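Architecture at a glance
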Amino acid sequence: MTQRALDSSGEQTPGPSRPAMIDAGAELDPVHPMDLPPSAHDATGLTTAEVAERVARGEVNDVPVRSSRSVTEIVRANVFTRFNLIIGVLWVIMLFVAPIQDSLFGFVIVANTGIGIIQEWRAKKTLDSLAVIGEAKPTVRRDGVAAGISTHEIVLGDVVELGPGDKVVVDGTVAEADSLEVDESLLTGEADPVLKKPGDPVMSGSFVVAGGGAFTATKVGREAYAAQLAEEASRFTLVHSELRSGISTILKYVTWMMVPTAIGLIISQLVVKDNNFKDSVARTVGGIVPMIPEGLVLLTSVAFAIGVVRLGRKQCLVQELPAIEGLARVDVVCLDKTGTLTEGGMDITEVRPLGGSDEAYVHQVLRSLGSSDPRPNASLQAIIDAYPAEDGAAWTVTGAMPFSSARKYSGAAFTETDGTPSAWLLGAPDVLLADGDETLTEIEHLNQQGLRVLLLARVRGELDAPGAADGAVPTALVVLEQRLRPDAAETLAYFAQQNVATKVISGDNAVSVGAVAGKLGLAGAENTLDARKMPTDPDDMATAMEQNAVFGRVTPQQKRDMVAALQSRGHTVAMTGDGVNDVLALKDADIGVSMGSGSEATRAVAQIVLLNNSFATLPSVVAEGRRVIGNITRVATLFLTKTVYSVLLAILVVCTQVEYPFLPRHLTLLSTLTIGVPAFFLALAPNRERAQPHFVRRVMRYAIPSGAIAATATFTTYLVARHHYSGPGALEAETSAATLTLFLVSMWVLAIIARPYTWWRIGLVAAMGLGFLIVLVVPWLQDFFALKLVGTTMPWAAVGIAVAAAALLEFSWRLVGRRFGA
């Protein structure tokens, strides 16, 4: 999501405003004993009657979670804009002083606003439905039965179960704890997990990283801290977007230019020139309206909204619209191997006893380890599948140590059937074995084949004794084979073609991860690095990140540091993941992508959630982002070229004290044919170019010379025509000649922007030209738009001036391209 926790120094990391964080050293509010239900409820939970009673009292977690703006907000945002107000006032004026054809610009605004509302409403429906699909359902005990319910159905006093990756959705007090470790970094900024015991408070917004347990809800609804987090995190948000901020900057400058120019134009047309009042008003409005690039804002919203709908159909939940733009700028994708390149499941291929250990005894140990953890991870589930629990006498579990990504191992203590106590660890061999151990050579060979190897080791003393892992006796190697995602190779190839660097970051052995990446065809998969040897200096780390493609034995904090190191070199980083150990990196990455089956915590901090759990969806997301921002950059040049030539024409009219050459109907026709209709199609066209930075500069480099050339050519034609025509109807003839030049020059700008040509782009440009030609030759359209070319000399002169302007346009665009880059 959009949230950013406080970093370890206590300073807030970049991100939008959010409810005030709890200081790292602050104490949580104590829970009054009367707020807690009877202890018997800890085991069985509330009864149906008790739940109904609490619902009647309003003690329900009924905070509305919105994934998008309400319909009222959508309408308000699209209708009540600064430029709609200006245009609305001018439209009302025109309805009183001029024919209906001079008021067409108002109907165009109504249509554009309506399109914006409809498209965003469709996007809202898609977002809301997908948010329900992707909503986590916490497990709650009621009437002695544990079942998943919606977060908003939790009531005060409910007993909520917790396991690795689960998010604490309401405030409460721990009722049961089995090595329960909770990450409170979203609240306190401290990345180190906190060990929780019965009676300890837990706050909504934190999540479980290891162990399990249950807690009793003591604050629900708007009283819970989650209410502030959820409302801030889940609503329709517009976090930093270069595209949107750039357009806002442009509109700000346009406003400052428009006000004095419009005032000068009004004075010029109404005071200086003693013309027909109504005609003067119409021509004044005709000069003001085209200065406003109102369609650019609407088109941007429509493009974003359509992007959300398109991705929604592919089961991709975009939790922030600008995330689509962000992916267009990504040049490095950091992937977590497990769950991204590989499927969640694993298969045991071999168990190798070490040091003469009895194979049957090893199998019994593995069988018992599988039975010791009620929430097994993928590795332990593979062991359970291979060595299921047997009927009859079983070892008694006397202690358990859940897997932790920081430790890289799990463990359990037993009383065997003959009464002998034993304790075991299962985890990473290179963590549990001493450097130089000869077994590591054997493991290295297996890792090079892409196999994952776990070491089973017997603890000499107590399981929870300090340094228990140091003296553990190696007993067996458990060799697992990971299931590769069938679409992963194709996806990696796509990123390579798009010049997006791929970095595989995993907690597993680096060589093993490199072998898996190599099987999938990742370029540079042989360049592996054990993160335990990773330099700590940020600059050196950035160099190591750029030189290598695969990283193993990475801790959660290192993932975060790696993302920061890449960002320090100017890279735009996307991070994918599905486990709790990915949360810190997902929060800090420019774009966080979570799998739908991932933990609640990862889905909470990611901007994009792949509900179908398919890594192969990412290319579609990247392509959609590039389509949106690339096309908006293109069409923005069209809109701003119109703004520039409109302002310059108004200034030239004021300086020369002549009638403004156009009526609103003329510029409505030109805007529709050279900007409005083609911009809509161009904004939705395929575009795979990676977005470039500095949106405003890139657009204005082309819009300013294009607008200046168009204004100069048009005004030149107008002045020539004023000397050529005389008598009644001269102004209409002069306007027609100037309109022809402006249309041809604008069409050439459109033709340049439409490149590279495809059949439909050529057809689009040709159709717009044909539309203007039809207006010129059909008598009733000539009368409706007040366009009629008089004679042959002046029309051909207008064409000649337009041709010269087109040549100048080509030269200026190529000059800008060579000097500043395309």
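Residues numbered from 1 in each chain as written. Predicted model: local features only at pLDDT ≥ 70, side-chain atom pairs only at ≥ 80, totals over all residues. Heavy atoms only, no water.

**Re the overall build of the chain**
Scanning the chain for helices and strands turns up 28 helices and 21 strands. Within the chain, the fraction of its 822 residues that count as buried is 56%. Here the analysis covers contacts within the chain between residues at least 6 apart in sequence; of these, 73% occur between residues at least 24 apart. (Helix = DSSP H or I, 4+ residues; strand = E, 2+ residues; numbered from the N terminus. Buried < 20%, exposed > 50% of the residue type's maximum accessible area, 1.4 Å probe, protein only. Contact = heavy atoms within 4.5 Å.)

**Focus: the side chain of serine 204**
Along the chain, serine 204 falls in the loop between strand S6 (201-202) and strand S7 (207-219). Overall, the relative accessible area of 0% leaves serine 204 in the buried class.

**With respect to the nonpolar core**
Core analysis: the largest hydrophobic core is formed by 126 residues, its most contacted members being Ile608, Phe615 and Phe772. It is helix H22 (residues 618-656) that contributes the most residues to this core, 16 residues altogether. Contact partners of isoleucine 608, with chain neighbours within four places excluded, come to Cys316, Leu317, Ala323, Leu327, Ile591, Gly592, Val593, Ser594 and Val621. Of all hydrophobic cores here, the second largest spans 24 residues; its members include Ile505, Met541, Val573 and Ala585. (Core = buried A, V, L, I, M, F, W, Y, C linked by side-chain atoms within 4.5 Å.)

**Re the sheet that holds strand S19 (residues 573-577)**
Spatially, eight strands are ordered S8-S21-S20-S19-S9-S16-S18-S17 in an open sheet, and the strand pairing comes out mixed. Because the sheet does not close on itself, it has two edges, and the strands there are strand S8 (316-318) and strand S17 (528-530). Neighbouring strand axes in the sheet, compared pairwise and without regard to direction, differ in orientation by 20° on average. By the bridge criterion, five bridges tie strand S9 (residues 332-336) to strand S16 (residues 501-505) in an arrangement that is parallel. Among the inter-strand pairings, valine 332 is bridged to a residue of S16, identified as alanine 501. Strands in contact with helix H18 (residues 538-547) are S16, S17 and strand S18 (550-552); relative to S16, the strand with the most contacts, it is inclined by about 110°. (Pairing = 2+ DSSP bridges. Axes fitted to C-alpha atoms, helices over the stretch in contact; angles between N-to-C directions.)

**Observations concerning the environment of alanine 389**
Within the secondary structure, alanine 389 sits in the loop between helix H13 (378-386) and strand S11 (396-404). Taking the relative accessible area as the measure of exposure, alanine 389 reaches 59% and is therefore exposed. With 25 residues separating them in the primary sequence, alanine 389 and glutamine 364 have C-alpha atoms 9.2 Å apart. With sequence-adjacent residues up to four places away left out, alanine 389 is seen in contact with Arg367 and Ser371.

**Thoughts on the packing of aromatic side chains**
Summed over all chains, the structure comprises ten aromatic pairs. Look at phenylalanine 743 and phenylalanine 772: their rings are 3.9 Å apart centre to centre, the planes differ by 10°, and that puts the pair in the stacked class. Within this pair, whereas phenylalanine 743 is found in helix H25 (residues 730-753), its partner phenylalanine 772 is found in helix H26 (residues 759-777), the two being separated by 29 residues in sequence. A single burial state applies to phenylalanine 743 and to phenylalanine 772, both of which are buried. Seen in terms of ring centroids, phenylalanine 784 and phenylalanine 785 are 5.0 Å apart; in terms of plane orientation they differ by 80°. Their pairing is edge-to-face. Grouping aromatic residues by their ring pairs yields a cluster made of Tyr361, Trp395, Phe414 and Trp424. (Phe/Tyr/Trp six-rings, centres within 6.5 Å; stacked < 30°, edge-to-face > 60°.)

**What to know about the environment of alanine 175**
Within the secondary structure layout, alanine 175 lies in strand S4 (residues 171-183). Judged by relative accessible area, which is 19%, alanine 175 ranks as buried.

**A few points about the packing of H18 against helix H19 (residues 556-568)**
Interhelical geometry of H18 versus H19 gives an angle of 90° and a closest axis separation of 8 Å. Of the possible angle classes, the one that applies to H18 and H19 is roughly perpendicular. Packed against H18, whose contacting residues are Pro538, Met541, Ala542 and Met545, the element H19 presents Asp561, Met562, Ala565, Leu566 and Ser568 at the interface. Classifying every residue of the contact of H18 with H19 by side-chain character gives seven nonpolar, one polar and one charged. (Parallel < 35°, antiparallel > 145°, perpendicular 65-115°, else oblique. Nonpolar A, V, L, I, M, F, W, Y, C, P; charged D, E, K, R; others polar.)

**Considerations on the pairing of S19**
Within a regular strand, side chains alternate between the sheet's two faces. Within S19, five of the five residues are buried, which leaves the element mostly enclosed by the surrounding structure. With three bridges joining them, S9 and S19 adopt parallel strand pairing. Bridging across to S19, valine 333 finds its partner in alanine 574.

**Focus: the confidence of the model for the chain**
Counting all residues, the mean pLDDT for the chain is 79, and 85% of those residues have values of 70 or more. In the model of the chain, helix H7 (residues 225-234) stands out as the element of lowest mean pLDDT, 49, in contrast to H26, which has the highest, 93. (pLDDT = per-residue confidence, 0-100.)

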